[in-house]
Amino acid sequence: MITTKKLYIETFGCQMNVNDSETMVSLLKDLDYEQTDRAAGADLILLNTCCIRAKAEQKVFSELGRLKSLKNGEKKVLLGVGGCIAQQEGDRLLKRVPYLDLVFGTHSLHLLPDMVRAAENGERLTCNDFLDPETRLDLFPRKVAASGVTQFVNIIQGCDNFCSYCIVPYVRGREVSRRSGEILQEIRELSETGVREVTLLGQNVNSYGINSPDEPNFADLLRSVAEIDGIERIRFTTSHPKDISPALIACFTELPKLCGHIHLPAQSGSDTVLSGMNRGYTRREYLDRIEALKMARPGIQITGDMIVGFPGESDEDYNETRTLMEEVGYADLFSFVFSARPETAAAKLPDTLTRKEKQERLERLQKRQQVMTLERNQTFVGSCLEVLVEGPSRRSDHIFGRTSGNRIVNIAADPSLVGKIVTVRIVEAFHTSLLGELV
């Protein structure tokens, strides 16, 4: 008789990690693990980690401390750490956390079932080796049995940009583009299971195919995805501004299935800071791309990332970031205080600002963006928008979905509409969502 074991996964960080966690669930089904939303009572607990900022890393170690009590209970519980911190720390994690059972890096997802089997037999082990590009090409993670209305599809791994503040190339490796045939086949299979929206995923999707002469460029890949029956919406993330081509911008005009939203991190509005960050574009070049996107798809919703307090950032540099926000008119902005990460070039730069000064700058930025986001959301009140319904809402007796521009909409309507695109009149706007009624 097969006994189902309980698997709890806590995911930190970016959408790439969310996608990897979904892959872990698929991989461990063959070992009779079933996902649960509670750590208490789980047989296997995995933390899928992020080290892009020091705060994210601190959260992981705090969570490991809280989980120690479960390891000391009567029930045998296996505890593992995967993702970017696992790639960075390797064996050091096993030494630092003596009750940890397994550590697996970003290139080791395919080994997870074997590592869990070994841990079940009492072994403590680590795997954080980087794989060569050809091997990685054959081991792109994919979901064995996906469900739901929307799904991520991994199209490229790693990053070649080496922004001076960013640890991603050191924990995710160099860029490798997945074979386009495999991408399209996975999306066809997802469509057959009822998926209606796919998000093409990578650290820098815009550079898809650049290092692979036998593969299409990213714009042509989008065109191929748009031809797949059953897929009604296409999104992608994340984009690097320096790699947005005219052909990609044209897709927002030519492909109705491509959603009217783009996440395009600027990181700063100052040319001096952008140069220090090694971003590869100027403020003017970024704004030119924004203007071209707005012309290609009127009403496109733009979101982004900003870092404040980069080493050497002056008051003038910071004010240039604030004016860039106003010029772009971001629908949402994710902003952070600069965090020095090991191995990166920026970690060696002298820090000229106090923590208090950085925090004050961040708070001013975020307060202004909150006002801008609410004002933008309020412009939708009274309008009719198409919403792809994704599932039950946190709001009682409501369902929720997203507009093409990635605005969350709650609707008092029947759950049978899940998976359908419906027309909704917006009746109220909030900071993080809209309230609508069926038309």
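Each chain carries its own residue numbering, running from 1 in the direction its sequence is written. Only residues with pLDDT of at least 70 are given local features in this predicted model, and only at 80 or more are side-chain atom pairs given and counted; all residues enter the totals for whole chains, interfaces and linings. Only hydrogens and water are set aside; all other atoms, that is, all heavy atoms of the structure, feed into the side-chain values.

Caption draft 1: Structural view of the pattern of salt bridges. A pair is scored as a salt bridge if a Lys or Arg side-chain nitrogen falls within 4 Å of a carboxyl oxygen belonging to Asp or Glu. Enumeration according to the criterion identifies 28 salt bridges in this entry. Among the salt bridges present, the one from Lys5 reaches Glu120, with a minimum N-O distance of 3.0 Å. A residue pair is termed long-range when its members are at least 10 positions apart, and Lys5 in strand 1 (residues 5-11) and Glu120 in helix 5 (residues 112-120) qualify at 115 residues. Working definition: with a 1.4 Å probe on protein chains only, accessible area under 20% of the residue-type maximum means buried, over 50% means exposed, and in between means partly exposed. Classification of Lys5 by relative accessible area gives partly exposed; the value is 22%. A salt bridge links Lys75 to Asp43, with the nearest nitrogen and oxygen atoms 3.3 Å apart. Of this pair, Lys75 sits in the loop between helix 2 (54-71) and strand 4 (78-83) while Asp43 sits in the loop between strand 2 (33-35) and strand 3 (44-49); the two residues are 32 residues apart in sequence, bridging distant segments of the chain. Relative accessible area serves as the criterion here: at 37%, Lys75 is assigned to the partly exposed category. The exposure class assigned to Asp43 is buried, which follows from its relative accessible area of 19%. Taken together, the shared-partner salt bridges in this structure form one network comprising Asp138, Arg178, Arg179, Glu182 and Glu186. Segments assigned H or I by DSSP are reported as helices when at least four residues long, segments assigned E as strands when at least two residues long, and all are numbered from the N terminus.

Caption draft 2: Region of interest: empty space enclosed by the protein. Cavity: a set of points on a 1 Å grid over the protein atoms alone where a 1.4 Å probe fits but cannot get out. Pocket: an open set with protein on both sides within 12 Å along at least five of seven lines, its lining residues, like those of a cavity, having an atom within 4 Å of a point. Grid points are joined across faces, edges and corners, and a volume is the space filled by probe spheres set on the points. Counted by the stated rule, this structure contains one cavity of 30 Å³ or more. There is about 40 Å³ of room inside the largest cavity. Lining the largest cavity are Asn17, Asp20, Met24, Asn48, Gly83, Phe104, Gly105, Thr106, Leu109 and Arg172. With three residues, the top contributor of residues to the lining of the largest cavity is helix 1 (residues 15-28). The residue inventory of the lining of the largest cavity, partitioned by class, reads three nonpolar, five polar and two charged. Following the grouping adopted for this structure description, the nonpolar residues are Ala, Val, Leu, Ile, Met, Phe, Trp, Tyr, Cys and Pro, the charged ones are Asp, Glu, Lys and Arg, and the polar ones are all others, Gly among them.

Caption draft 3: View of unusual backbone geometry. Cis geometry marks the peptide bond from Thr237 to Thr238; its omega dihedral reads 0 degrees. Even without being a glycine, Glu343 presents a positive backbone phi close to 80 degrees. With respect to the helices and strands, Glu343 occurs in the loop between strand 14 (332-337) and helix 14 (355-378).

In short, the description is geometric, and any link to function would need to be established separately.
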